[in-house]
Amino acid sequence: MKKNKKVSVYLDHSATTPTDERVIKAMLPYFSEKFGNYSSIHSLGREAYFAVDDARKKIASFLNCNSEEIIFTSGSTESNNLALKGVAKYFLEKNKNIHIITTRVEHDAILEPCRELEKQGVRVTYLPVLKNGAVDIAELEKAITDETVLVSVMYVNNEVGIINDLARIGKIIKKANHKIYFHSDATQAINFLDCDSQELNLDLVSISGHKIYGPKGVGALYIKKGTPIKAIQTGGHQERNIRSGTMNVPAIVGFGKAIELAKKEQEKNNKKIAKLRDYFADKVIKEIPDIIVNTDFNNSVSSHANFCFVGAEGEAILMSLDLEGIFVSTGSACASGNLDPSHVLLAMGIPKEIAHSSIRFTFGKHNTKAEADYVLSVLPGIIEKLREYNPLYNKSNSN
Ligand SMILES: Cc1ncc(COP(=O)(O)O)c(C=O)c1O
């Protein structure tokens, strides 16, 4: 690939993905001739109803559950809020003392609702993680108490790509007390992994459309039949009174199509993406000195390669790559604008100064070897230059 200012290499698929053309095609009629309201009784409304019903079935098939157990939302942020606050609300209204267990490396869409719940008197345990970012299962076992009502553990970490052993965690939770409900934020998993709610013993699962080549602003929450939960937003009575608001029919249709494609093409895409990611990561490790590899390639999804480039500031690397037409992230895209080092890397034991030098490359199904080569042709020079400008780095290296 020729180096010129017009290139655009997108390596930020964990932040969002381009909408697949087949998804757009499926959505389009629902903006125009099939624009009916899902709740209307006339035939235009019924048309929308059946389209949503079809998407619900596709999502249920992916998660191996019944379609009545799927609630559509605006994305994983809302699904996570509904899962945590909705379950807590049920117990708080009964004046129960309750305890929730989660992990230190969750997305803010879990951590912030947990902090809010703490202010309402809920006790929350934030589990530590191992060096590779996986939840420390021994600590989970110790944390469970008689008051524990909910455990929330992400399936795949958005920053480093580590996969948590949900099957094992699910077994431990249910063995300790079958009345503890198990939630997972599976936002970053569904593109790459099977997500069988039954096998994983899950009671609640959050997923989102825009991470799987579907549209933005749509997601779903799986709520296993019998799970105690209260609505946190009221008004329209949609989604069995659990999530009020007019259904975003085109986006839901697109989400259904995207999840169908993700399932059908998962194996093929995984192979292609892993090959490219491994090729890229090997070269980075060989060609750039003084780096820390934050992704455990033996236990991560195929997309992620997260590194610390010691002595070079992550934000400066990101900007320099942007000038070369390459799009990456310093961690979670949702946290950009926030100059604090990644809470995930800190929890993994990376020192604060080094955590500031992290860059997350996340590959997708459209990336090519030529693109990886192009990035490899500019990245070492960028790191070298930034290190030259850093007197502290040069001093520590000459000692
Ligand atoms: C793990 C995880 N959870 C939740 C979210 C938020 O999802 P959404 O953008 O659908 O609200 C993200 C998005 O980056 C994520 O990576």
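Before reading further, recall that the structure is shown in the block above.
Every value quoted in this text rests on a predicted model; they were computed, and no experiment measured them.

Analysis parameters
Residues numbered from 1 in each chain as written. Predicted model: local features only at pLDDT ≥ 70, side-chain atom pairs only at ≥ 80, totals over all residues. Heavy atoms only, no water. Salt bridge = Lys/Arg side-chain N within 4 Å of Asp/Glu carboxyl O. Helix = DSSP H or I, 4+ residues; strand = E, 2+ residues; numbered from the N terminus. Buried < 20%, exposed > 50% of the residue type's maximum accessible area, 1.4 Å probe, protein only. Near = heavy atom within 4 Å. Polar contact = N/O pair within 3.5 Å; in protein donor to acceptor, adjacent residues only side chain to side chain. Areas by Shrake-Rupley, 256 points an atom, 1.4 Å probe, with all protein chains shown as cover.

## A look at the pattern of salt bridges
Counted according to the given criterion, the structure contains 17 salt bridges. With its nearest N and O atoms 2.7 Å apart, the salt bridge here joins glutamate 265 to arginine 22. Within this pair, whereas glutamate 265 is found in helix H7 (residues 249-287), its partner arginine 22 is found in helix H1 (residues 21-27), the two being separated by 243 residues in sequence. According to the relative accessible area criterion, glutamate 265 is buried, its value standing at 13%. Residue arginine 22 is classed as partly exposed on the basis of its relative accessible area, which comes to 37%. In this structure, glutamate 260 engages lysine 58 in a salt bridge whose closest nitrogen and oxygen atoms are separated by 3.9 Å. Taken together, the positions of glutamate 260 in helix H7 and lysine 58 in helix H2 (residues 43-63) put the pair 202 residues apart, joining distant regions of the chain. Where salt bridges share partners, they join Asp20, Arg22, Glu265 and Lys365 into one cluster.

## Remarks on the site of the ligand
Lining the immediate surroundings of the ligand are 14 residues, of which Thr77, Asp185, Gln188, Ser208 and Lys211 lie closest. Between the ligand and serine 208 there is a distance of 2.6 Å, counted from an oxygen atom to a side-chain nitrogen or oxygen. When the free accessible area of the ligand is taken as 400 Å², the share hidden by the protein chains comes to 90%. Top contributing element to the shell around the ligand by residue count: helix H3 (residues 76-92), with three residues.

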